[in-house]
Amino acid sequence: DNILLKSKFRGCLLGALLGDCLGAPFEGEAMTSGGKLVLQKYFDKLDGPYFRAPVKKYTDDTAMTKSVAKCLIDKPAVDFKCMARLFVKEYFADPRRGYGQNVVDVFNKLRGSKFEDIYKPAQEQFGGMGSYGNGGAMRVAPLALYFHNNYKGMIEAVTHATKITHTNKLGVNGALLQAIAIQQSLLMDPVDKIDVEHFTNQLIDKMKDIETVEEDDEDINIEDQLPYQTKLKAMQELLTAEESDLSDTYVITNLGNNISALGSVPTAIYCFLKAQSEIPGIKADNTFRRTIQYAISLGGDTDTIASMAGSIAGAFLGEEYINESLIKHCEFQKEMIEVADNLYAVAEDTKEAL
Ligand code: R7I
Ligand code: MG
Ligand code: MG
Ligand code: MG
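Overview of the structure. Within each chain, residue numbers correspond to sequence positions counted from 1 in written order. Here chains are named by letter from A upward and ligands by number from 1 upward, in the order in which they appear as written. This being a predicted model, a pLDDT of at least 70 is required before a residue's local features are given, and a value of 80 or more before pairs of side-chain atoms are given or counted; all residues contribute to the totals for chains, interfaces and linings. Processing note: side-chain calculations cover all non-hydrogen atoms of the structure and skip hydrogens and water entirely.

Residue proximity to a molecule or strand is established when one non-hydrogen atom of the residue lies within 4 Å of it. Residues in close proximity to ligand 1 total 21 residues, the closest being D61, N102, S131, H166 and D301. Whenever a nitrogen or oxygen atom comes within 3.5 Å of another N or O atom, the pair is scored as a polar contact, on the condition that within protein one atom can donate a hydrogen and the other can accept it, and that pairs from neighbouring residues in sequence are kept only if both atoms are in side chains. Side-chain polar atom of D60 to an oxygen atom of ligand 1: 3.2 Å apart, as the coordinates give it. V103 is positioned such that a nitrogen or oxygen atom in its backbone is 3.0 Å from an oxygen atom of ligand 1. Each accessible area is a Shrake-Rupley estimate made with a 1.4 Å probe; only the visible protein chains count as cover when residues are assessed. When ligand 1 sits alone it has 700 Å² of accessible area, and the protein chains cover 84% of it. The method works on a 1 Å grid over the protein atoms by themselves. A cavity is a set of points holding a 1.4 Å probe that cannot get out, a pocket is an open set with protein on both sides within 12 Å along at least five of seven lines, and residues with an atom within 4 Å of a point line them. Should more than half of a molecule's atoms lie within 2 Å of a pocket's or cavity's grid points, that molecule is taken to sit in it. Judged by the proximity of its atoms to the pocket grid, ligand 1 belongs to the largest pocket. Secondary structure elements follow DSSP: runs of H or I of four or more residues count as helices, runs of E of two or more count as strands, with numbering from the N terminus. Contributions of two or more residues to the shell around ligand 1 are made by α3 (60–74) and α16 (302–317). Under this grouping Gly is polar, as are all residues other than the nonpolar Ala, Val, Leu, Ile, Met, Phe, Trp, Tyr, Cys and Pro and the charged Asp, Glu, Lys and Arg. Split into classes, the residues belonging to the shell around ligand 1 amount to five nonpolar, 11 polar and five charged.

Structure follows, in structure tokens:
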């Protein structure tokens, strides 16, 4: 067993769960300074001595993540039809988990067509443009873990897994970026200080192969043709800015905090990198908690941004650095550890078979 890698599998999935469960109560909120105080107290209390409280429930982000993981564990050949079926099964068994407004149409059509063509319903979304929501990106962690040593395999699998619900290029590329960020974190040593500029340059370089200029877009300016690379450069500038006390409004205006993949994946990566140092107004003694608390403090799509940021942080740090007191308040925490261990076991088996 690779003890560190196994701990990173757990950290990644627990980070995703924790961000979702703790972020969900704040979803859609605009964060005022009063709201931030409430958030600080909320975290201090949950992270303090254990007390009995109603469990923090997970949302669609976790429901779909665990379906992706289950298919990889049960069918290690990577079975996308399994994923489509499980997404639909989970949704109809428990529809009140805060799913996106439009993805429900996909679930209905998949079920109605008996999964004949698992990609067709998603292609029909938004007048044939496909959804650019962050629903593909929010569930990508198990794929990044499973394919941790197979970059090409990860890119292919994430693309297909995303296209079951999100075919818009922005939705797919956002999921790819999120997976790449997790993979990069997984391969770093948690005792090392992260070289933020290098980490970001690696992301930009990889996105250059994924996000390319298309002929019919030639009349659009280059920044808009390559939106993720543009966002990543903006993110890099924010992270290396002289002023460390940039206002949240400034961050949100430049990176976004909404349900689109473009307006949330770079933001999640930013939260992880920013939280490597102290952040004014966020009192948290470790970088894991700081990542999640900061992500939620930006408001907007808090469950998803905190979940994506948490999965990157957890993949970097491993389970040991995750606040046990926080995770104890989350629904599905015990089960998620089992999911991580099972996923680790199949990933190692597959590696040996190669
Ligand atoms: O992307 P999706 O699964 O939603 C995920 C989000 C996360 O925040 C979850 O926590 C949950 O709250 O929802 O679901 P979709 O319905 O595909 O996309 C979400 C929303 O993005 C849609 O309902 C639209 O409001 C918006 N959207 C678009 N709007 C206009 N044109 C997505 N694609 C488009 C588009 O092409
Ligand atoms: Mg959600
Ligand atoms: Mg969804
Ligand atoms: Mg959300």
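On we go from here.
All right, on to the coordination of the magnesium ion (ligand 2) then. When a metal carries six donors in an octahedron, the ideal angles between them are 90 or 180 degrees, while four donors in a tetrahedron ideally lie at 109.5 degrees. All of the protein donors around the magnesium ion (ligand 2) are T59 (OG1), D60 (OD), D61 (OD) and D303 (OD); their distances to the metal are 2.1 to 2.3 Å. In primary-sequence terms, the residues that donate to the magnesium ion (ligand 2) follow T-D-D-x241-D. A distance of 3.7 Å spans the gap from the magnesium ion (ligand 2) to the magnesium ion (ligand 4), which D303 bridges by coordinating each metal. On the basis of relative accessible area, D60 is assigned to the buried category, the value being 6%. Accessibility here uses a 1.4 Å probe with only protein chains present; expressed as a share of the type maximum, an area under 20% marks a residue as buried, one over 50% as exposed, and anything in between as partly exposed. Accessibility expressed as a relative area gives 1% for D61, which makes it buried. With water excluded from the atoms, a metal site may look incomplete; its donors are any N, O or S atoms within 2.8 Å, or within 3.2 Å for Na, K and Ca.

Now for the packing of α3 against helix α4 (residues 80–93). Axis angles are defined between N-to-C directions and span 0 to 180 degrees, where every axis is a line fitted to C-alpha atoms and, for a helix, only to the segment in contact. Direction vectors running N to C along α3 and α4 enclose 140 degrees, while the axes themselves pass 9 Å from each other. Crossing geometry of α3 relative to α4 is assigned as right-handed. Residues A63, M64, K66, S67, V68, K70, C71 and L72 of α3 pack against C82, M83, L86, F87 and E90 of α4. For the contact of α3 with α4, a count of residues per class yields nine nonpolar, one polar and three charged. We call a crossing left-handed when the near helix sits turned anticlockwise from the far one by less than a right angle, and right-handed when that turn is clockwise. Contacts: residue pairs with any heavy atoms within 4.5 Å of one another.

Before going further, it helps to spend a moment on the environment of C82. Considering the arrangement of structural elements, one finds C82 in helix α4. Residue C82 is classed as buried on the basis of its relative accessible area, which comes to 12%. Contact partners of C82, with chain neighbours within four places excluded, come to C71 and K75.

Without other data, these values stay purely geometric and don't point to any function.
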